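As a plain string of letters, each chain reads:
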Amino acid sequence: MPRNPDLVLVDGSSYVYRAFHAAPAVARLATSRGEPTGAVLVVINMLNKLIKDFQPRQIAVVFDAPGRTFRDQLFAEYKAQRPGMPEELRAQVPPLLAIIEAQGLPLLREPGVEADDVIGTLACRAARAGQQVLISTGDKDMAQLVSDSITLINTMTDTRLDREAVKLKFDVYPEQIIDYLALIGDNIDNIPGIDKVGPKTAAKLLSQYGSLDGLIAHLAEVPGRVGENLRAGLDTLELSRRLATIRTDLDLTVSPQELTPKPADVAKLRELYQRLELRGLLRQLEAGEAAAQPQSALPAPAAESAAIEHHYETITTWEGFERWKSALAAAELVALDIETTSRDYMRAEIVGISFSVAPGAAAYVPLAHLYPGVPDQLPRAEVLAQLKELLEDPRRAKVGHDLKYVAHVLAHSGISLQGMRFDTMLESYVWNSVATNHEMDSDAQRYLGVHTLNYTDLTGKGAKQISFDQVPVDRAAEYACEHTAATLRLHHALWSQLTSLPQLARLYEEIEQPLVPVLLAMEQHGVLIDREQLRLQSREFSRQLQELLLQAHREAGHEFNIDSPRQLQQILFERLQLPVRRRTPTGQPSTAEDVLEDLAASYALPRLVLEYRALAKLKSTYTDKLPELVEERTGRIHTSYAQAVAATGRLSSLDPNLQNIPIRHPEGRRIRKAFIAAPGSLLLAADYSQIELRIMAHLSGDESLRTAFAEERDVHQATAAEVFGVELEAVSADQRRTAKVINFGLIYGMSPFGLARNLGIERNAAQQYVERYFQRYPGVRRFMEDTRVQARELGFVETVFGRRLYLPDIRSGNPQLRQYAERAAINAPMQGTAADIIKRAMISVHDWCVREQAPARLIMQVHDELVLEVRADAVEAVAAAVREHMLNAATLSVPLRVDVGSGANWDEAH
């Protein structure tokens, strides 16, 4: 694997059968009452080991759902020969599923398809998003999913299958596995295949003809009995191929990013382990609570007692509403939440609203439940009209979990939510950004010891999931009241912890909470794009892709599949005899992207392949997709800025992601041309220059670095002069570029080895560059060494503004994890401080625009850049004010610099 997996997908159905059949002695284990438990024990042990070994941030355990699948409809005899599940194994499935859920692991069972199809869809989605995926299975069919981003592991044999390992095992590559399975068939699944065509013959045929389609096109050439059988079985080949194909296009309701483990329900696990007499797992559970704490001593507020009396009320009469309205008016702090039809804030409609004003006391007002037989509800418009004054009163403090979303939805009903004093999602994030995923269920479990109802407990999952307006009122009331009451308790628990560390309370009060209305306004306003220009670019990209493909074929000497790593490997290293820069673990020449980049400097074909892939990604991700995301009511794109995601404090842009549009690629810059200003306006872009290097100068106190910035010298040029031993004026453009890599690489914790690979030089030369760098900037070396020591001693590092960045693996026994944490310890204070500064700048600029009624408004934040839409005749004055507010967002020992530009579109503004 290139790195630890971002997502682990477990083939639960495969686990169960292997656990039952692999160890007969274990399979016979049972409780004193005769209840079988062997498979449960083996599967849970396998899962626990997998999680311990890979520590995934995202994971799912996938089982086959009961009932027929689409393959049964394709072929009535599908799996007809497979014996039914033994009764002693069937009895173990329910308790096994209960344990997995109690462990907090996402558990998926999708009707109408097999677990393989769910895994295939999630794996491919994650891979397309740039994630590394590990699939834990013993099923050979899964080999068809293997790619540079997807690897299989068989935990029974502790073997992995990457691309080269698939070739070694089956003598075909992953992209040929479906055709391979169609040819050989499968007795267990009753896939027909071709008579007398076994694994060796299938591999030989596919090696000769490339694919099943290529083989079919040349069937007349295949001699002997094999040829006769192929021609006779031609009608079943396509059926076999369809049965063997794992679907990767399911319309799942869950995305890979949502597969975050929740805190374990320890009480439930204890009850299950005791009932099943799994004493070893029970001992691990009891010992594990202390042992499971990260070695860096991450903070954890003392959990309140979950056993608190509660009074939940469903309000369906005006008398009850008036009573609660009076309680809300008298309360010092009101916990607030709404239930809606969608998580998309632009489309969500209010279904109900809930409040809590005292621990354990909460009320739910159902407003728009729509199922047959629904009880009477108060009219939505009238209820909201009566709450409007209270909700818009800035003096009445509110608390919620993700109040920005609540404010968005209320805005659709003409209510401008004010008094957003506390947000428990942000309190959790400020307290410890890496402790949980900051969702309500996780926070309540971690900080209160409360296991709250989950959204899907009410709505279900998959194709049968219902919207919240279909949830029975009594169940909806229980869910809403429980969450709102937990929000109030959670605030008290977290706020007492934050105020015990005043710098964290200040960070919350001065940065994170004041940023909420800023992001709210930006998201509501949206960004204007030229859809026709993007469509035109897509058509042009299609033509360019075709031309690149033709050029690549000419360079190769024949047509080939440009997306096939195996074919590319054969052409580059066998046909064209290009030098092998690196080999895979199995000894094959590597075609990884960094290898192609290295070769592209000297050879045409690798350059063409890289250009093709980059352009294809731009087309599919941006020019094709962005026009589809325009909200018809506003004519604009409305992203979501997530505050509680990145551990360093950086904002994340989601649905769509506007922060990853590439600008180094000229075609990427063209995409920015489609981001336009409204008639009579211009876009203004204001960007902090080299902010992380300036923060390094401030934190390290290095005099040479501080002087260079104070005198506004070219830092990269100065570093180049020192590293290459030349006069400042004699530094070449290439030397400056190398120095830039060194400057940024070292503050990101890059080693001499990494620097050598990045620059394409010998390691000894890179080591000399590093030594010369630290000779010029000795304060930087001291800062790095001191920071590593502090991180190991305390388990965290801090930004200039007191944000704590915890490093759970800083004392890990795993050298790879520990080294990664040490690199993060150097970079996190820079990234975190830069995140804090841009947030402070956003608050200041937004407040100025509102206060001065300036003809300008913030519309985007991208890394260290702010983008505003400004009335054309006010650009000069707004530019001066924005620069001033950004410069004053922080006071460092070196000056900040802000570059400002404007234009009719985003690209021109640079």
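Here the structure is a predicted model, which is why all the values come from computation and not from measurement.

**Student:** Help me understand the sheet that holds strand E1 (residues 7-11), please; the structure alone is not making it clear to me.
**Tutor:** Working definition: the strands of a sheet are paired by backbone hydrogen bonds and lie parallel or antiparallel to each other. Taken in spatial order, the 6 strands make up an open sheet running E3-E2-E1-E4-E5-E6, and their pairing is mixed. Only two strands of the sheet have a single neighbouring strand rather than two, namely strand E3 (107-108) and strand E6 (159-161). Here helix H3 (residues 38-54) sits on the sheet in contact with E1, strand E2 (58-62), strand E4 (133-136), strand E5 (150-154) and E6, set at roughly 165 degrees to E1. Its contacts with the sheet put helix H7 (residues 115-128) on E1, E2, E3, E4 and E5, and the angle it makes with E1 is roughly 170 degrees.

**Student:** What exactly am I supposed to notice about the nonpolar core here?
**Tutor:** When a protein is soluble and globular, its nonpolar side chains tend to lie buried together. Core analysis: the largest hydrophobic core is formed by 108 residues, its most contacted members being Phe675, Tyr688, Met842, Met860, Leu866, Leu868 and Met886. Ranked by the residues each element gives to this core, the list is headed by helix H36 (residues 815-851), at 11 residues. If we ignore the near neighbours within four places in the chain, the residues touching Leu866 are Leu684, Ala685, Ala686, Ile838, Ala841, Met842, Val845, Leu858, Met860, Gln861 and Met886. Residues Ile415, Met425, Ala493 and Leu520 belong to the second largest nonpolar core, which totals 62 residues.

**Student:** Would you explain the environment of Gly414 in this entry?
**Tutor:** Counting through the fold element by element, Gly414 comes out in the loop between helix H18 (403-412) and strand E12 (420-423). Considered as a pair, Gly414 and Leu384 are 30 residues apart in the sequence and their alpha carbons are 9.1 Å apart.

**Student:** What is the right way to read helix H24 (residues 531-556) from this model?
**Tutor:** Residues spaced three or four apart along an α-helix face the same direction, because each turn holds 3.6 residues. With 26 residues, H24 should cover 38 Å at 1.5 Å per step; its first-to-last C-alpha distance of 37 Å lies within 8% of that length. Residues of H24 that are buried: Leu534, Gln537, Ser538, Phe541, Leu545, Leu548, Leu549, Ala552, His553 and Ala556. Next to the buried residues of H24 lie helix H25 (565-575), helix H27 (604-623) and helix H28 (666-673). A distance of 3.2 Å separates the backbone nitrogen of Glu532 from a side-chain oxygen at the start of H24, and that oxygen is part of Asp530. Phi turns positive, to about 95 degrees, at Gly557, one or two residues after H24.

**Student:** Teacher, can you tell me more about the sheet that holds strand E7 (residues 311-314) here?
**Tutor:** Pairing within the open sheet is mixed, and its 6 strands lie in the order E7-E10-E9-E8-E11-E12. Looking at the sheet topology across the chains shown, the edges are occupied by E7 and E12. When the angles between neighbouring strand axes are averaged without regard to direction, this sheet yields 25 degrees. Both strand E8 (residues 333-340) and strand E9 (residues 350-358) contribute to a ladder of 6 bridges, which runs antiparallel. Bridge pairing in E9 links Ile338 to Ile353. Along the sheet, helix H16 (residues 318-330) makes contact with E7, E8, E9 and strand E10 (361-366), crossing E9 at roughly 55 degrees. In the packing of helix H17 (residues 380-391) onto the sheet, contacts are made with E8, E9, E10 and strand E11 (397-400), and the angle to E9 comes to roughly 40 degrees.

**Student:** Is there a simple way to think about empty space enclosed by the protein in this case?
**Tutor:** Taking a probe equal in size to a water molecule and rolling it over the atoms shows the remaining empty space. The tally for this structure, following the rule as stated, stands at 1 cavity of 30 Å³ or more. Here the largest cavity is characterised by a volume of approximately 30 Å³. As for the largest cavity, its lining consists of Phe321, Trp324, Lys325, Leu328, Phe355, Val365 and Leu387. Tallying contributions element by element places H16 first for the lining of the largest cavity, with 4 residues. Partitioned by chemical class, the residues of the lining of the largest cavity number 6 nonpolar, no polar and 1 charged.

**Student:** What is the right way to look at the pairing of E1 in this model?
**Tutor:** Note on strand geometry: in a regular strand, side chains alternate between the two faces of the sheet. For E1, the tally of buried residues reaches 5 of 5 residues, placing the bulk of the element in the interior. Side-chain alternation along E1 places Leu7, Leu9 and Asp11 on one buried face and Val8 and Val10 on a second face that is also buried. Taken together, the 4 bridges between E1 and E4 define a ladder with parallel strand orientation. Each residue of the ladder has a partner; that of Leu7, found in E4, is Val133. By the bridge criterion, 5 bridges tie E1 to E2 in an arrangement that is parallel. Across the sheet, the residue bridging to Leu9 is Ala60, located in E2.

**Student:** Just to check I follow, could you spell out the packing of aromatic side chains for this structure?
**Tutor:** Two descriptors summarise a pair of aromatic rings, namely the distance from one centre to the other and the angle between the planes of the rings. All chains considered together, the criterion is met by 13 aromatic pairs. Considering the side-chain rings of Phe422 and Tyr508, the 6.4 Å spacing of their centres and the 15 degrees angle between planes classify their relative orientation as stacked. Of this pair, Phe422 sits in strand E12 while Tyr508 sits in helix H23 (residues 502-525); the two residues are 86 residues apart in sequence, bridging distant segments of the chain. Taken individually, Phe422 and Tyr508 each receive the classification buried, so the pair is uniform in this respect. Residues Tyr773 and Tyr777 carry aromatic rings whose centres are separated by 5.0 Å and whose planes lie at 65 degrees to one another, so their mutual orientation is edge-to-face. Of the two residues, Tyr773 and Tyr777, both sit in the buried class. Aromatic rings pair up to connect Phe422, Trp495 and Tyr508 into one cluster. A cation over an aromatic ring shows up here: Arg343 above the ring of Tyr405, its NZ or CZ 3.9 Å from the ring centre. Just above the ring of Trp906 sits the side chain of Arg672; from NZ or CZ to the centre is 3.8 Å.

**Student:** Just to check I follow, could you spell out unusual backbone geometry for this structure?
**Tutor:** Glycine aside, negative phi is the norm for most residues, and most peptide bonds take the trans geometry. Cis rather than trans, the peptide bond between Asp655 and Pro656 has omega equal to 0 degrees. Mapped onto the fold, Pro656 is located in the loop between strand E16 (652-654) and H28. Phi is positive for Asp402, which is not a glycine, with a value near 75 degrees. Its relative accessible area of 17% is what places Asp402 among the buried residues. The backbone of His863 sits at a positive phi, close to 55 degrees, despite the residue not being glycine. Mapping His863 onto the fold places it in the loop between strand E20 (856-862) and strand E21 (865-871). Residue class for His863 comes out partly exposed when judged on its relative accessible area of 41%.

**Student:** Help me understand the pairing of E5 in this model?
**Tutor:** Along E5, 5 of the 5 residues are buried, which leaves the element largely enclosed by surrounding structure. On E5, burial covers both faces: Ile150, Leu152 and Asn154 on one face and Thr151 and Ile153 on the other are all buried. Pairing of E4 with E5, which is carried by 4 bridges, proceeds in the parallel orientation. When the sheet's bridge partners are listed, Ile135 is paired in E5 with Leu152.

**Student:** Please clarify how the pattern of salt bridges should be interpreted in this entry.
**Tutor:** Close approach of charged atoms allows side chains of opposite charge to pair. One pass over the structure, following the stated rule, counts 51 salt bridges. For Arg33, the salt bridge identified is with Glu35, shortest N-O distance 3.0 Å. For Arg713, the salt bridge identified is with Glu711, shortest N-O distance 2.7 Å.

**Student:** When you look at the side chain of His483 in this model, what are you seeing that I'm missing?
**Tutor:** Turning to its location among the elements, His483 is positioned in helix H22 (residues 473-500). Overall, His483 belongs to the buried group, its relative accessible area being 7%. A polar contact is formed between the side chain of His483 and the side chain of Asp441, at a distance of 3.4 Å. For His483, the side chain forms a polar contact with the main-chain oxygen of Leu453, separated by 2.8 Å. Not counting chain neighbours up to four residues away, the residues in contact with His483 comprise Met440, Asp441, Thr452 and Leu453.

**Student:** Is there a simple way to explain the environment of Thr37 in this structure?
**Tutor:** Position of Thr37 among the secondary structure elements: in the loop between helix H2 (24-27) and H3. Here the alpha-carbon distance between Thr37 and Leu651, two residues 614 residues apart in the chain, equals 47 Å. With sequence-adjacent residues up to four places away left out, Thr37 is seen in contact with Leu29, Ala30, Thr31, Gln92, Leu276 and Leu278.

**Student:** Can you help me understand the packing of H23 against H36 in this one?
**Tutor:** Geometry of a packed helix pair, given as the angle between the helix axes and the separation of the axes. For the pair H23 and H36, the least separation of the axes is 9 Å and the interaxial angle reads 60 degrees. Taken together, the axes of H23 and H36 lie oblique to each other. Between H23 and H36 the crossing geometry is left-handed. Across from Leu507, Glu510, Ile511, Glu512, Pro514, Leu515, Pro517, Val518, Leu519, Ala521 and Met522 in H23, the residues of H36 making contact are Asp836, Lys839, Arg840, Met842, Ile843 and His846. Here the contact of H23 with H36 is composed, by residue class, of 11 nonpolar, 1 polar and 5 charged.

About the thresholds
Residues numbered from 1 in each chain as written. Predicted model: local features only at pLDDT ≥ 70, side-chain atom pairs only at ≥ 80, totals over all residues. Heavy atoms only, no water. Pairing = 2+ DSSP bridges. Helix = DSSP H or I, 4+ residues; strand = E, 2+ residues; numbered from the N terminus. Contact = heavy atoms within 4.5 Å. Axes fitted to C-alpha atoms, helices over the stretch in contact; angles between N-to-C directions. Core = buried A, V, L, I, M, F, W, Y, C linked by side-chain atoms within 4.5 Å. Buried < 20%, exposed > 50% of the residue type's maximum accessible area, 1.4 Å probe, protein only. Expected span 1.5 Å × (residues − 1). Polar contact = N/O pair within 3.5 Å; in protein donor to acceptor, adjacent residues only side chain to side chain. 1 Å grid on protein atoms, 1.4 Å probe; cavity = no way out; pocket = protein on both sides within 12 Å on 5 of 7 lines; lining within 4 Å. Points joined across faces, edges and corners; volume = space filled by probe spheres on them. Nonpolar A, V, L, I, M, F, W, Y, C, P; charged D, E, K, R; others polar. Phe/Tyr/Trp six-rings, centres within 6.5 Å; stacked < 30°, edge-to-face > 60°. Lys NZ or Arg CZ within 6 Å of the ring centre and 35° of its normal. Salt bridge = Lys/Arg side-chain N within 4 Å of Asp/Glu carboxyl O. Parallel < 35°, antiparallel > 145°, perpendicular 65-115°, else oblique. Left-handed = near helix turned anticlockwise from the far one by under 90°.

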